[in-house]
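Examination of the molecular architecture
Spelled out, the chains give:
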Amino acid sequence: MERLATGFFFENYFLEGMINNSQYLHFPDEIWLPSFSRKDEQLLTKKLLNYYDPNGDLEEQHLLEQNTTDSGKGICCLPFINLEKKETVNFPVALLYNLYVSNGMAAGNSRNECFCQALCEIIERHVKQRVIAKGLTLPNIPTHFLERSPATKKILEKLKHHGYMVIVKDSSLGGCFPVICVLLIHPESGSTFASFGASLRFEVAIERTLTELLQGRKLAHLSHFQPPVYDLSLTADSYNIESHFINSDGLLPWQMLRDNAEYTFSPWDFSGTTAEELRQLKTLILSSGFSIYYREYNQFGIDTCRIIVPGMSEIYPVDDLVWNNKNKTAVLRRLLLQLPQLNEGDLLFLLHQLDENTSDPHLLIPDLIGVLFEKDNPWNNLCVGELRAHILLALHNHQHAAESCLWCLEYAPLSQQRKLLFRAILTLLECRLAEEKYQDYEKCHISFFPKEIYRQAKKMTAGKNRFSWLPFASTWRELSEKHNSLLTLYERFRETATTT
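As a starting point, this report considers the structure included with it. (Residues numbered from 1 in each chain as written. Predicted model: local features only at pLDDT ≥ 70, side-chain atom pairs only at ≥ 80, totals over all residues. Heavy atoms only, no water.)

Looking only at helices and strands, the protein chain has 21 helices and 9 strands in total. In terms of principal-axis extent, the alpha carbons of the protein chain reach across some 85 × 60 × 40 Å. Counting every position in the protein chain, which comprises 500 residues, the buried fraction comes to 51%. In the protein chain, 69% of the contacts between residues at least 6 apart in sequence involve partners at least 24 apart. For the protein chain, the accessible area works out to roughly 23,500 Å², and carbon and sulfur atoms hold 49% of it. Of the charged side chains in the protein chain, 50 are positive and 60 negative; the average position of the first set lies 3 Å away from that of the second. (Helix = DSSP H or I, 4+ residues; strand = E, 2+ residues; numbered from the N terminus. Buried < 20%, exposed > 50% of the residue type's maximum accessible area, 1.4 Å probe, protein only. Contact = heavy atoms within 4.5 Å. Areas by Shrake-Rupley, 256 points an atom, 1.4 Å probe, with all protein chains shown as cover. Lys, Arg positive; Asp, Glu negative; His and termini not counted. Charge placed at Lys NZ, Arg CZ, Asp CG, Glu CD.)

Laid out in structure tokens, this is it:
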């Protein structure tokens, strides 16, 4: 619910034309800054700007949100309120999406409840990152503490019955944070899984951690995680931390399992109202030297909030704003829609953009550009590696095209027909590279491939029929009914944002 109420549900998608048909893109209270200036008092604060841009590398292009392409309006910002000073601070949407994603979003039965849930999530993930990245050794929680709760005892017995070794650890880092860690170890495979949970109520924290461990998973699947590693550079890597944020399937350090803990067991206890719980959580974070910024939503009559704690709630490192910005592939949307009309220079630019901004050839183009397609649409299963092969064919770069075709045959999600086509293309390319005439082998080639497949392959290796197998339209919305439905849903969402 919180992802929909805050608009995060739509963050990964191209909101084509939305800014042209409305006074706002996300929410009525958004503001647009025409350009980037470190002196602009409407953008963040001086302290925050120094935090997000310590080396002065940040430019306007890094703060353009990824949901539109060439809107021409500048930098879209959403106002947040500083909890201590009650001042309004404008955070660029691009900054929120690149660094925080959904961390700190929560919905609840009351304002206090959703704030408590959001702050607990931030604390939990902050501690989780520290423990995994630094390989901290946590103290075990004594058995008699675990047996206080019948629900906890039942889950632990169930896990042990299925052959798992379960270690429940105090992850409060010496009583600083109300966080529990549960390590699940499969002795036969060596796979190790870690679940974290936070609550001021000790027993609730344990139950929440165990529930999180099993959420959306079957016990049999928990044995497929990876064994621990000793190299902390691997566990501290931002991609590994991201994996833990998404589905907890990243690497864990052996150092978490050392015999002697770095901290003493420090149980905590709390009893009080939700308002008192919120007050204590806020005090905990503020006394640790952090500032809290929040936005409130009531889109569907449910209290929802989004909380940012700079220095604590980031999921991605701050320098990702400059060096791994998620809006860098937005330029591809326009180019891909015009593929058949691109000249050699345009194709080389497109190829450069793919090579510079996408390190994974398996990445699907729909995910890259934020457009939804029907299952039978050829765009739906098109990956970067396959697109690259077709661009190289159009450029007559036969050597690299052959290498890309071979990759496609081994790794790309191709249908049987497309596999035959790539085999035929590769055969003809290898013939050319061997300085042989394909005409001398044509009768034999035709016995290997259907006539129509072979005819297409000949045209494509000659640089003809460029991208003819892909459908095109003037807009992505026209090209995909599924994406059109998403945009229609977004238009309805914006209407609720106007009326609430």
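Here the narrative resumes, following the displayed structure.
It is worth spelling out the packing of aromatic side chains at this point. To describe a pair of aromatic rings, you give the distance between the ring centres and the angle between the ring planes. Under the defined criterion, the tally for this structure stands at 23 aromatic pairs. Considering the side-chain rings of F27 and F493, the 5.9 Å spacing of their centres and the 80° angle between planes classify their relative orientation as edge-to-face. Of this pair, F27 sits in the loop between α1 (2-5) and β1 (31-33) while F493 sits in helix α21 (residues 481-499), placing them 466 residues apart in sequence. One exposure class covers both F27 and F493, and it is buried. Centre to centre, the rings of F145 and F265 are 5.0 Å apart; their planes meet at 80°, and the pair counts as edge-to-face. In this pair, F145 sits in helix α5 (residues 143-146) while F265 sits in the loop between α9 (238-246) and α10 (274-287), placing the two residues 120 residues apart along the sequence. Residue class for F145 comes out buried when judged on its relative accessible area of 13%. F265 sits in the partly exposed class, given a relative accessible area of 24%. What links up through ring pairs into an aromatic cluster is the set F9, F10, F27, Y297, Y490 and F493. For R111, the ring lying beneath its charged end belongs to F115, and the centroid distance is 4.6 Å. Above the plane of the ring of Y97 lies K326, whose end atom (NZ or CZ) is 4.8 Å from the centre. (Phe/Tyr/Trp six-rings, centres within 6.5 Å; stacked < 30°, edge-to-face > 60°. Lys NZ or Arg CZ within 6 Å of the ring centre and 35° of its normal.)

Before going further, it helps to examine helix α16 (residues 398-411). Its 14 residues give α16 an end-to-end C-alpha distance of 20 Å, which sits within 8% of 20 Å, the value for a rise of 1.5 Å per residue. Among all positions of α16, only H398, A401, A402, S404, C405, W407 and C408 are buried. Summarising the contacts, the buried residues of α16 are in contact with α15 (384-394), α17 (416-433) and α19 (451-461). (Expected span 1.5 Å × (residues − 1).)

This part is about the sheet that holds strand β6 (residues 179-185). Read across the sheet, 3 strands follow the order β5-β6-β7 without closing on themselves; strand pairing throughout is antiparallel. Looking at the sheet topology across the chains shown, the edges are occupied by β5 (165-170) and β7 (192-198). For this sheet, the mean angle separating the axes of adjacent strands, direction not counted, is 20°. Relative to β6, β5 runs antiparallel, the two sharing 6 bridges. Counterpart to V168 in the pairing with β6 is V182. (Pairing = 2+ DSSP bridges. Axes fitted to C-alpha atoms, helices over the stretch in contact; angles between N-to-C directions.)

With that out of the way, let us pick up a nonpolar patch on the surface. A cluster of nonpolar side chains, M1, L4, F9, F300 and L489, forms an exposed patch at the surface whose accessible area comes to about 430 Å². By the secondary structure assignment, L489 is in helix α21. Residue L489 is classed as partly exposed on the basis of its relative accessible area, which comes to 39%. (Patch = residues over 30% accessible without salt bridge, like charges linked within 9 Å, V, L, I, M, F, W, Y side chains within 5 Å. Salt bridge = Lys/Arg side-chain N within 4 Å of Asp/Glu carboxyl O.)

This part is about the environment of P310. Inspection of the secondary structure puts P310 in the loop between β9 (303-308) and α11 (320-323). Residues P310 and L48, spaced 262 residues apart in sequence, show a C-alpha to C-alpha distance of 8.0 Å. Leaving out residues up to four positions away in the same chain, P310 has contacts with L48, Y51, Y52, Y100, F290, S291 and Y293.

Remark: α16 packs on α17, axes separated minimally by 9 Å, with the N-to-C direction vectors making an angle of 150°. Judged by the inter-axis angle, α16 sits roughly antiparallel to α17. For the pair α16 and α17, the crossing hand works out as left-handed. On α17, the residues that touch H398, Q399, A401, A402, C405, L406, C408 and L409 of α16 are K419, F422, R423, I425, L426, L429, R432 and L433. (Parallel < 35°, antiparallel > 145°, perpendicular 65-115°, else oblique. Left-handed = near helix turned anticlockwise from the far one by under 90°.)

Packing of α15 against α16 brings their axes to within 8 Å, and their N-to-C directions diverge by 155°. With respect to α16, the axis of α15 lies roughly antiparallel. Relative to α16, α15 is oriented so that their crossing is left-handed. Every residue of α16 that contacts α15 at G385, E386, R388, A389, L392 and L393 is listed here: H400, A401, S404, C405, W407 and C408. When grouped by side-chain class, the residues that make up the contact of α15 with α16 number 7 nonpolar, 3 polar and 2 charged. (Nonpolar A, V, L, I, M, F, W, Y, C, P; charged D, E, K, R; others polar.)

For the rest of this paragraph, the subject is the pairing of strand β4 (residues 105-108). Every second residue of β4 is oriented toward a common face, with M105 and A107 on one face and A106 and G108 on the other, all of them buried. Direction of pairing for β4 relative to β9: antiparallel, over a ladder of 4 bridges. Among the inter-strand pairings, A107 is bridged to a residue of β9, identified as T304.

The next subject is unusual backbone geometry. Unlike most non-glycine residues, K86 shows phi in positive territory, near 60°. Relative to the assigned elements, K86 resides in the loop between β2 (75-82) and β3 (88-92). Note on K86: relative accessible area 56%, which makes it exposed. Positive phi outside glycine occurs at L173, with the angle close to 55°. As for its position among the elements, L173 is in the loop between β5 and β6.

The subject of this paragraph is the pattern of salt bridges. Applying the stated criterion across every chain, the model contains 11 salt bridges. Note that E296 is salt-bridged to R111, the shortest N-O span being 2.7 Å. Of this pair, E296 sits in strand β8 (residues 293-297) while R111 is found in helix α4 (residues 111-134), placing the two residues 185 residues apart along the sequence. Given the relative accessible area of 41%, E296 is considered partly exposed.

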